[in-house]
Amino acid sequence: MQLASRIRQIPPSATLALNAKANQLKAQGVDIVNFGVGEPDFDTPENIREAGIRAIQDGFTRYTPVGGTPELKNAIVNRFQADYRLSYKPSEILVSCGGKHGLYNLFQVLFEKGDEVIIPAPFWVSYVPMVMLADATPVVVPTQEANGFKLTAAELKARLTPRTKAIVINSPSNPTGGVYTQDELAALGEVVLQAGLYVISDDIYDKILFDGAKFVNMAMLSPELKARTFILNGVSKAYAMTGWRIGYLAGPEAGIKAADTLQSQSTSNPTSISQKAAVEALNGPQDSVAAMLAEFAWRRDDIYKRVLDIPGATTIKPGGAFYIFPNFSAYYDRLKVASGQSQSGALAAYLLEEAQVAAVPGGEFGEDKCLRFSYATSRERIATGLSRIKAALEKLGK
Ligand SMILES: *Cc1c(COP(=O)(O)O)cnc(C)c1O
């Protein structure tokens, strides 16, 4: 079939592909430890599930306003105010069918042919294809492990051209767990204002932040930066609601309105039932978030220790999210790499084969020295998985 060139340049989501492979082995009875999953392993909290059931029973099952119900938009506005002292009007909020969908809509209305979008690597897998789907040019800028895989103002400056339109910041980061400090963001913010860029602030992991750190994003730094920043957030990660598909954008009204128009001609409103559940997530008791955070923090400490216990491995200490991104490149010269395969791909394949452990090759995130491990899995599986990896790498070392 002669498909449109638009889709021929786009690879399918690599993280979902690996997950499928691991699940297939599992179905064959192989005991796989799966570190590939990009979603919390908790159930959606009961009060939120009940709100969804109530929505169905109350007949709240029709179209809603395209960009979300006033009730949900108000809940979002209130959370921004209460959590971060950020003031938004409901007209500056768009609710979409998951955070990914919100981002897709935004990129479609903000970018076009000739525009360059700065994407610091390691990056979340969808940014590059989404920029390409808007006919714009992704400008991938590598960052240094020694800087915690965070972009510096100098690195940003060096890649600016007259066509640079925006920069994507994801903190806490998927895949590294890295978290920008206020000073680091302020330094980037100066460049942003000088160059007149827009900021896409992917804050989806804002509630999964360790060591008592306070969340900060670009919009919180000054009114000037807020006027140039689009925030992406949603309920998927903080409330273990990945399947409900509710995400939202906050930002300058003209951009939000345009994304709303696009949404009106594609998906229309996000699911009415899920919107009711999201209202409960945002307005209801927040203790489930705290409980999840405490568990993730325990696992973060544990997996960090176990990674550093592997000879030759290095890693940054994740400050948030539920990923760790170890550098295992010390083992690469002993690996057999098939043609067309990346080194991180070869290591991931070796670990799946030799240790029955699934992790995502760092090459998929723009950093081939590393593998991404999600620790959204039980304490016991983390211990089992990491000791299997250690043994498999030792074997490789001989
Ligand atoms: C999970 C995730 C999202 C959005 O997820 P949705 O399920 O579409 O809401 C956005 N950015 C990053 C970095 C993510 O990991």
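Quick note: structure is the one above.
Thresholds, definitions, all that
- Residues numbered from 1 in each chain as written.
- Predicted model: local features only at pLDDT ≥ 70, side-chain atom pairs only at ≥ 80, totals over all residues.
- Heavy atoms only, no water.
- Near = heavy atom within 4 Å.
- Polar contact = N/O pair within 3.5 Å; in protein donor to acceptor, adjacent residues only side chain to side chain.
- Areas by Shrake-Rupley, 256 points an atom, 1.4 Å probe, with all protein chains shown as cover.
- Nonpolar A, V, L, I, M, F, W, Y, C, P; charged D, E, K, R; others polar.
- Pairing = 2+ DSSP bridges.
- Helix = DSSP H or I, 4+ residues; strand = E, 2+ residues; numbered from the N terminus.
- Axes fitted to C-alpha atoms, helices over the stretch in contact; angles between N-to-C directions.
- Contact = heavy atoms within 4.5 Å.
- Buried < 20%, exposed > 50% of the residue type's maximum accessible area, 1.4 Å probe, protein only.
- Expected span 1.5 Å × (residues − 1).
- Arc of directions from axis to C-beta.

Chemist: So, the site of the ligand: which residues are in play, and what are the values?
Modeler: Taken together, the neighbourhood of the ligand is formed by 13 residues, with Gly99, Asp202, Tyr205, Lys237 and Arg245 sitting nearest. In the environment of the ligand, an oxygen atom lies 2.6 Å from a nitrogen or oxygen atom belonging to the side chain of Tyr205. In the complex, 93% of the free accessible area of the ligand, which totals 380 Å², lies under the protein chains. Of the residues that constitute the shell around the ligand, the class distribution is 4 nonpolar, 5 polar and 4 charged.

Chemist: Requested: an account of the sheet that holds strand β4 (residues 137–142), with residues and values cited.
Modeler: Within the open sheet, the 7 strands sit side by side as β2-β8-β7-β6-β5-β3-β4. Their pairing is mixed. Taken across any chain shown, the strands that pair with only one partner, and hence form the sheet edges, are β2 (93–96) and β4. Averaged over all neighbouring strand pairs, the angle between strand axes comes to 20°, with direction disregarded. Relative to strand β8 (residues 247–250), strand β7 (residues 229–234) is paired through 4 bridges, and the arrangement is antiparallel. Among the inter-strand pairings, Gly234 is bridged to a residue of β8, identified as Gly247. Seen against the sheet, helix α10 (residues 253–264) touches β2, β7 and β8 and runs at an angle of roughly 30° to β2.

Chemist: Break down the sheet that holds strand β12 (residues 371–374) for me, citing the residues and quoting the values.
Modeler: Reading across the sheet, the 3 strands line up as β9-β12-β11 and stay open at both edges, with antiparallel pairing between neighbours. Either end of the sheet is taken by a strand with one partner, and the two such strands are β9 (323–324) and β11 (360–361). The sheet contact formed by β11 and β12 spans 2 bridges and is antiparallel. Following the sheet pairing, Pro361 is matched in β12 by Leu371.

Chemist: Run through the pairing of β2, naming residues and quoting values.
Modeler: Successive residues of a regular strand alternate their side chains across the two faces of the sheet. Taking every second residue as pointing to the same face, both faces of β2 are buried, with Ile93 and Val95 on one and Leu94 and Ser96 on the other. Taken together, the 4 bridges between β2 and β8 define a ladder with antiparallel strand orientation. When the bridges of β8 are listed, Ile93 appears paired with Ala250.

Chemist: Describe the environment of Tyr84, and please don't skip the residues or the numbers.
Modeler: Considering the arrangement of structural elements, one finds Tyr84 in helix α4 (residues 70–84). Residues Tyr84 and Val216, 132 residues apart in the sequence, show an inter-C-alpha distance of 8.0 Å. Contact partners of Tyr84, with chain neighbours within four places excluded, come to Arg79, Asp206, Lys207, Phe215 and Met220. A polar atom in the side chain of Tyr84 sits 2.7 Å from the side chain of Asp206.

Chemist: Go over α10 with me, naming the residues and quoting the values.
Modeler: With 12 residues, α10 should reach 16 Å at 1.5 Å per residue; the first-to-last C-alpha distance of 16 Å fits that figure. Buried within α10 we find Gly255, Ile256, Ala259 and Gln263. Buried positions in α10, seen along its axis, are confined to an arc of 95° and lie on one side of it. Exposed side chains of α10 directed beyond 90 degrees from the buried face belong to Ala254 and Lys257. In this structure, the buried residues of α10 make contact with β2, α5 (99–110), β7 and β8.

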